[in-house]
Amino acid sequence: MVNHMGIKKLALVILSIAIAFSFVGCKDQFISNSICCQIPAGENIKIFIATDPHYMSKELFDDGEAFTNFVNMGDGKLIHYSEEIFDAFTYDVENHKPDVLIIPGDLSCNGEKESHMEFAEKLKTIQKMGTCVLVVPGNHDIENSWARKYEGEELIKIDSITPEEFEDIYYAYGYKDAVAKDPNSLSYLATPAEDLWILMLDSAKYKRNKLRDGPEMGGEISPKSLEWIKECGNLAKENDAKLLAVMHHSLLDHSEVINENFTIENNEDTIKVLQDCNVDLVLTGHVHLQDIKSHKENNKIIYDIATSCLAAYPNQYGVLEYMSNKGYLYKTSRVNIYDWAWVNEIEDKNITNFRNYSRNFFSERSYNRYYTQLLEISKYSNEEMAAISETMALLNLRYFAGLRNSELHDIFETEGFEILLESAPNFVRDYALSMFSDEKTDNNKIFIPIAINNK
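Residues numbered from 1 in each chain as written. Predicted model: local features only at pLDDT ≥ 70, side-chain atom pairs only at ≥ 80, totals over all residues. Heavy atoms only, no water.

Asker: Can you explain the overall build of the protein chain? Please cite residues and give values.
Answerer: Helix and strand counts for the protein chain stand at 14 helices and 16 strands. In summary, the protein chain has a C-alpha radius of gyration of 22 Å against a globular reference of 23 Å for 455 residues, a match within 12%. The principal-axis extents of the C-alpha atoms in the protein chain amount to approximately 70 × 50 × 45 Å. The 455 residues of the protein chain split such that 58% are buried. Within the protein chain, contacts between residues at least 6 apart in sequence are counted, and of these 73% link residues at least 24 apart. (Helix = DSSP H or I, 4+ residues; strand = E, 2+ residues; numbered from the N terminus. Rg over C-alpha atoms; globule rule 2.2 N^0.38 Å. Buried < 20%, exposed > 50% of the residue type's maximum accessible area, 1.4 Å probe, protein only. Contact = heavy atoms within 4.5 Å.)

Asker: So what about the layout of surface pockets? Which residues, and what values?
Answerer: For the largest pocket, the calculated volume is near 1,200 Å³. Forming the boundary of the largest pocket are 43 residues, of which Gly74, Asp75, Lys77, Met217 and Arg369 lie nearest the centre. Sorting elements by how many residues they give to the lining of the largest pocket places helix α11 (residues 354-377) first, with eight residues. (1 Å grid on protein atoms, 1.4 Å probe; cavity = no way out; pocket = protein on both sides within 12 Å on 5 of 7 lines; lining within 4 Å. Points joined across faces, edges and corners; volume = space filled by probe spheres on them.)

Asker: Talk me through helix α8 (residues 267-276); I want residue IDs and the actual numbers.
Answerer: All buried positions along α8 are accounted for by Asn267, Thr270, Ile271, Val273, Leu274 and Gln275. The inward-facing, buried residues of α8 contact β9 (196-201), α7 (223-238), β10 (242-247), β11 (281-284), β12 (291-297) and β13 (300-306). Phi turns positive one or two residues past the end of α8, at asparagine 278, with a value near 60 degrees.

Asker: Please give an account of the pattern of salt bridges that cites residues and values.
Answerer: All told, the structure shown has 22 salt bridges when counted by the stated rule. Two residues, lysine 210 and glutamate 143, come together in a salt bridge whose shortest N-O distance is 3.8 Å. Of the two residues, lysine 210 is situated in the loop between β9 and α7 and glutamate 143 in the loop between β4 (132-136) and β5 (148-151); the sequence distance between them amounts to 67 residues. Overall, lysine 210 belongs to the exposed group, its relative accessible area being 66%. With its nearest N and O atoms 3.4 Å apart, the salt bridge here joins glutamate 216 to arginine 208. Shared partners join several salt bridges into a network, and the residues in it are Lys205, Arg208, Glu216 and Glu265. (Salt bridge = Lys/Arg side-chain N within 4 Å of Asp/Glu carboxyl O.)

Asker: Break down the nonpolar core for me, with residues and values.
Answerer: It is characteristic of soluble globular proteins that their nonpolar side chains tend to be buried jointly. Among the nonpolar cores identified, the biggest contains 80 residues, and Ile47, Phe89, Leu123 and Tyr170 are the most heavily contacted of them. In terms of residues, this core owes the most to one element, helix α3 (residues 82-96), which gives six residues. Residue contacts for isoleucine 47: discarding those within four places in its chain leaves Val100, Ile102, Leu196, Ile198, Leu244, Gly318, Val319 and Leu320. Core analysis: the second largest hydrophobic core is formed by 30 residues, Val287, Met392, Ile411 and Phe436 among them. (Core = buried A, V, L, I, M, F, W, Y, C linked by side-chain atoms within 4.5 Å.)

Asker: Describe the state of the cysteines, with residues and values.
Answerer: For the structure shown, the criterion picks out zero disulfides. In this model cysteine 277 remains outside any disulfide bridge; the closest cysteine sulfur is found in cysteine 232, 7.9 Å from its own. Under the relative-accessibility criterion, cysteine 277 is labelled buried at 6%. Cysteine 109 supplies the cysteine sulfur nearest to cysteine 309, a cysteine that is in no disulfide, at a spacing of 10 Å. Since its relative accessible area comes to 1%, cysteine 309 is described here as buried. (Disulfide = S-S within 2.5 Å.)

Asker: Which residues make up the packing of α3 against helix α4 (residues 113-128), and what values go with them?
Answerer: One can describe the packing of α3 onto α4 by two numbers: an axis separation of 10 Å at closest approach and a directional angle of 15 degrees. The orientation of α3 with respect to α4, classified from their angle, is roughly parallel. Pair α3 / α4 crosses with right-handed handedness. Mapping the contact onto sequence places Glu83, Phe86, Asp87, Thr90 and Val93 in α3 and Phe119, Lys122, Leu123, Thr125 and Ile126 in α4. By residue class, the composition of the contact of α3 with α4 is five nonpolar, two polar and three charged. (Axes fitted to C-alpha atoms, helices over the stretch in contact; angles between N-to-C directions. Parallel < 35°, antiparallel > 145°, perpendicular 65-115°, else oblique. Left-handed = near helix turned anticlockwise from the far one by under 90°. Nonpolar A, V, L, I, M, F, W, Y, C, P; charged D, E, K, R; others polar.)

Asker: Explain empty space enclosed by the protein to me, and be specific about the residues and the numbers.
Answerer: A complete count under the given rule lists two cavities of 30 Å³ or more for this structure. Estimated volume of the largest cavity: approximately 80 Å³. Forming the boundary of the largest cavity are Tyr313, Pro314, Asn315, Arg334, Val335, Ile337, Tyr338, Phe354 and Arg355. Residue assignment for the lining of the largest cavity shows that the elements contributing at least two residues are α9 (337-343) and α11.

Asker: With reference to specific residues and values, describe helix α2 (residues 65-72).
Answerer: Of the residues making up α2, those classed as buried are Ala66, Phe67 and Val71. Buried residues along α2 cover an arc of 125 degrees about the axis, so they all sit on one side. For α2, the secondary structure elements touched by its buried residues are β5, β6 (154-157) and α11. (Arc of directions from axis to C-beta.)

Asker: Kindly report on the sheet that holds strand β15 (residues 327-334), identifying the contributing residues and their values.
Answerer: With respect to topology, six strands assemble into an open sheet ordered β4-β3-β2-β14-β15-β16, the strand pairing being mixed. Each having just a single partner strand, β4 and β16 (445-449) make up the two edges of the open sheet. The mean angle between the axes of side-by-side strands here comes to 20 degrees, regardless of whether they run parallel or antiparallel. Bridging between strand β2 (residues 45-49) and strand β3 (residues 100-104) involves three bridges; their strand directions are parallel. Opposite phenylalanine 48, over in β3, you have leucine 101 as the bridge partner. Packing of α3 onto the sheet brings it into contact with β2, β3, β14 (316-323) and β15, and relative to β2 it is tilted by some 175 degrees. The strands that α4 touches are β3 and β4; relative to β4, the one it contacts most, it runs at about 150 degrees. (Pairing = 2+ DSSP bridges.)

Asker: I'd like to hear about the side chain of glutamine 316, residue by residue, with values.
Answerer: For glutamine 316, the position within the fold is in strand β14. When sequence neighbours within four positions are dropped, the list of residues in contact with glutamine 316 reads Gln290, Thr307, Ser308, Leu310, Thr332, Ser333, Arg334, Val335, Ala401 and Asn444.

Asker: So, the side chain of histidine 80: which residues are in play, and what are the values?
Answerer: Its location among the elements puts histidine 80 in the loop between α2 and α3. Residue classification places histidine 80 among the buried residues on the basis of a relative accessible area of 17%. Leaving out residues up to four positions away in the same chain, histidine 80 has contacts with Lys58, Phe61, Phe67, Val71, Tyr357 and Phe361.

Structural data, given as structure tokens:
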């Protein structure tokens, strides 16, 4: 990336200092640092989005019973291959050279300090390649009482990290060069380019995690943080910069059935503030679903693109190209684990046959989960539960990969779907039917025109 100091940058520095001083004496002052614009205005910017890597250090588990049960009872995340997946993703970064890498939370498996420390070292490798790395925490990352080490049959409680430790560990990946930091959260404003600024928003609720048995799953943007966002919006407008927003939790509902703890609690207030700041696009994770939703109000449209979990099938990431004064072009790309494995002479058969392994692993977890739920409903025979679970596993493979509507029509002909259609309403039935009422058929690509800043 190219260092660039111009009139606009100088004006931005002066304006930032003025804003900082104007808030002196207030309890929640607007904290503003020196500016680090690196990409000149008018240039296209390529951004990779790798959300929910759920990285876990191999020092924290073995192939014993405790860890095997933990992985097999999960939702399909390949925690035991989280390092290999991220190393293969790093290989993609090296080959495609994006300007910016955004990681919208759940960097770690369950907030383990050792996992965070190792992951930060992985990011150092990427940043040395010339890619600017920006991170924010997710609900798994901070004060997580589920942090464990797995040895044989034992689960050993280990340290998670505090909010202060998160900023310290990831200081080089957004916080060091932030134009402004929110005093009420781990949110900050990054300026990787003169004409594209990025609001990295901390939507996780971890302040009460020490009092809980597990991390709080839901999210919000507090009223004080919303006021801070408004100041960032004013700063961007004064400097002809477009604002892009990033957070872990969903801004908009990505499912008709499953939204609680996934969509931020105060999304209506947050939508209004972001639209007033001329934000057209928010990049999110958390829901592990590849999905694109939009909200229109007062002739303004805001999009929420949820990129699917890097650590789970189909192991993909987002590729966003910002074209100045035109818009955003988004698409997905699957981690090229085969080339990485070949270059590094990896012989693990699960890696050399990774796509099938990942697909089957995810499918089996889905099948088991729905079979268990159907057992609790107690209305189906064993044969019917097996047929429904097979259908749901197939649906989930496509649904989480971002395919909808016409891409799912052959599911109608399966025995399991026919049984569901004839059933009384229940969660499994409602969830299956909700997959067919999406506004898009393919959630893996979109072009979003931008609104010009209104001063």
